Amino acid sequence: MAFPEPKPRPPELPQKRLKTLDCGQGAVRAVRFNVDGNYCLTCGSDKTLKLWNPLRGTLLRTYSGHGYEVLDAAGSFDNSSLCSGGGDKAVVLWDVASGQVVRKFRGHAGKVNTVQFNEEATVILSGSIDSSIRCWDCRSRRPEPVQTLDEARDGVSSVKVSDHEVLTGSVDGRMRRYDLRMGQLFSDYVGSPITCTCFSRDGQCTLVSSLDSTLRLLDKDTGELLGEYKGHKNQEYKLDCCLSERDTHVVSCSEDGKVFFWDLVEGALALALPVGHGVVQSLAYHPTEPCLLTAMGGSVQCWREETYEAEDGAG
């Protein structure tokens, strides 16, 4: 006789502050988990990039080489490389272990808002206020990009990559999805400057936030509006949004010092998490666990679910 499957646990939201990292790098412009969620990167207004173990609160390495503030960073699938972009218009490829600059790619005409590796970490995609997305070959010595996507009519605020797609958001109010297998471009007009775009974890939906203080969930293939999420404040800044680790909640930064969680299906506000006084500049959600990182001012806060017990030495 087969036993019934155990009921999946209801999703828990990260609302217990475990750690605060005083990053010591000026204002933290972005915080990003690495691929498995064991480490995080912080981008500083003091031109540095730092690698941390967020649960222990330990600094592992500092990466110096940008000429101006660092605005975004990402880790490769195998944790051997990092990429970053910033106010110096440069895209930098780093060796994680040595801390050295491997390549510095120049070609953007304005600051680089967003960077991502492709899945194999052979290409870096960078989005800039110069309205272009440039694709840089990590293995080539050629100084120019292998491809430039210049459909945006205004600055590019967000770039996300799946195995065969590139999802972009622009200040021109359009979310664009490039299907690399089919060689097609799909565009959805939101009407307000876009601050962040992302795929749902199951790859079926896209989430987009814009400066009308609204997040929208769209069916990736049809563009149908599946949900709208409001209550937070986003009228001035480029703020992050994402989905929780099991696609149950929509999560967004806010300019009023909170992080907002909405039930994805119902659209109802589930939690407004008070982080502090000021703008929650950036957030990162753990790939598999209810763990959230937030950035405000010069520090990063690490949050877990209420029932979480820190392992010995990690608390």
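Below is a short write-up of the structure. Being a predicted model, the structure only gives us computed values, none of them experimental.

Re the overall build of the chain
Argument step 1. When its secondary structure is counted, the chain shows zero helices and 28 strands.
Argument step 2. Taking 2.2 N^0.38 as the reference for a compact globule, 315 residues should give roughly 20 Å; the C-alpha atoms of the chain span a radius of gyration of 19 Å, in line with that estimate.
Argument step 3. In terms of overall dimensions, the chain has a C-alpha envelope of 60 × 50 × 45 Å along the principal axes.
Argument step 4. Burial analysis of the chain (315 residues in total) assigns 55% to the buried set.
Argument step 5. Pairs at least 24 residues apart make up 43% of the contacts formed inside the chain by residues separated by at least 6 positions.
Argument step 6. For the chain, the centre of its 35 positive side-chain charges and the centre of its 43 negative side-chain charges are spaced 6 Å apart.

Examining unusual backbone geometry
Argument step 1. Look at lysine 47: it is not a glycine, yet its phi comes out positive at around 80°.
Argument step 2. When you line up the elements, lysine 47 lands in the loop between β3 (40–44) and β4 (48–53).
Argument step 3. Classification of lysine 47 by relative accessible area gives partly exposed; the value is 41%.
Argument step 4. Positive phi, normally seen in glycine, also occurs at aspartate 247, with a value near 60°.
Argument step 5. Here aspartate 247 is to be found in the loop between β22 (241–243) and β23 (249–253).

What about the layout of surface pockets?
Any space left empty among the atoms is revealed by the rolling of a water-sized probe across them.
Argument step 1. The volume enclosed by the largest pocket comes to roughly 1,100 Å³.
Argument step 2. Lining the largest pocket are 39 residues; nearest its centre among them are Phe33, Gln116, Lys160, Val161 and Arg201.
Argument step 3. Residue assignment for the lining of the largest pocket shows that the elements contributing at least two residues are β2 (28–33), β6 (70–75), β10 (112–117), β14 (156–161), β18 (194–199), β22 and β26 (282–285).
Argument step 4. With five residues, β14 is the largest single contributor of residues to the lining of the largest pocket.
Argument step 5. A class-by-class count of the residues in the lining of the largest pocket yields 20 nonpolar, twelve polar and seven charged.
Argument step 6. The calculated volume of the second largest pocket comes to roughly 440 Å³.
Argument step 7. Lining the second largest pocket are 23 residues, with Lys111, Asn113, Tyr237, Lys238 and Gln281 sitting closest to its centre.
Argument step 8. Secondary structure elements with two or more residues in the lining of the second largest pocket: β2, β14 and β18.
Argument step 9. Here the lining of the second largest pocket takes three residues from β2, the largest share from any one element.
Argument step 10. Across the lining of the second largest pocket, the residue classes break down as ten nonpolar, six polar and seven charged.

A few points about the sheet that holds strand β7 (residues 81–86)
Argument step 1. The four strands are arranged β6-β7-β8-β9 in an open sheet whose pairing can be described as antiparallel. Of all strands in the sheet, those bounded by a partner on one side alone are β6 and β9 (101–105). Taking the axes of each pair of neighbouring strands and ignoring which way they run, one obtains an average angle of 20° across the sheet.
Argument step 2. With five bridges joining them, β6 and β7 adopt antiparallel strand pairing.

Re the side chain of serine 209
Argument step 1. Structurally, the position occupied by serine 209 is in strand β19 (residues 205–210).
Argument step 2. Looking at serine 209, its side chain comes within polar contact range of the side chain of threonine 195, at 2.6 Å.
Argument step 3. Setting aside residues no more than four positions away along its own chain, serine 209 makes contact with Pro193, Ile194, Thr195, Cys196, Thr214, Leu215, Asn234, Leu239 and Cys241.

The rules we used
- Residues numbered from 1 in each chain as written.
- Predicted model: local features only at pLDDT ≥ 70, side-chain atom pairs only at ≥ 80, totals over all residues.
- Heavy atoms only, no water.
- Helix = DSSP H or I, 4+ residues; strand = E, 2+ residues; numbered from the N terminus.
- Rg over C-alpha atoms; globule rule 2.2 N^0.38 Å.
- Buried < 20%, exposed > 50% of the residue type's maximum accessible area, 1.4 Å probe, protein only.
- Contact = heavy atoms within 4.5 Å.
- Lys, Arg positive; Asp, Glu negative; His and termini not counted.
- Charge placed at Lys NZ, Arg CZ, Asp CG, Glu CD.
- 1 Å grid on protein atoms, 1.4 Å probe; cavity = no way out; pocket = protein on both sides within 12 Å on 5 of 7 lines; lining within 4 Å.
- Points joined across faces, edges and corners; volume = space filled by probe spheres on them.
- Nonpolar A, V, L, I, M, F, W, Y, C, P; charged D, E, K, R; others polar.
- Pairing = 2+ DSSP bridges.
- Axes fitted to C-alpha atoms, helices over the stretch in contact; angles between N-to-C directions.
- Polar contact = N/O pair within 3.5 Å; in protein donor to acceptor, adjacent residues only side chain to side chain.

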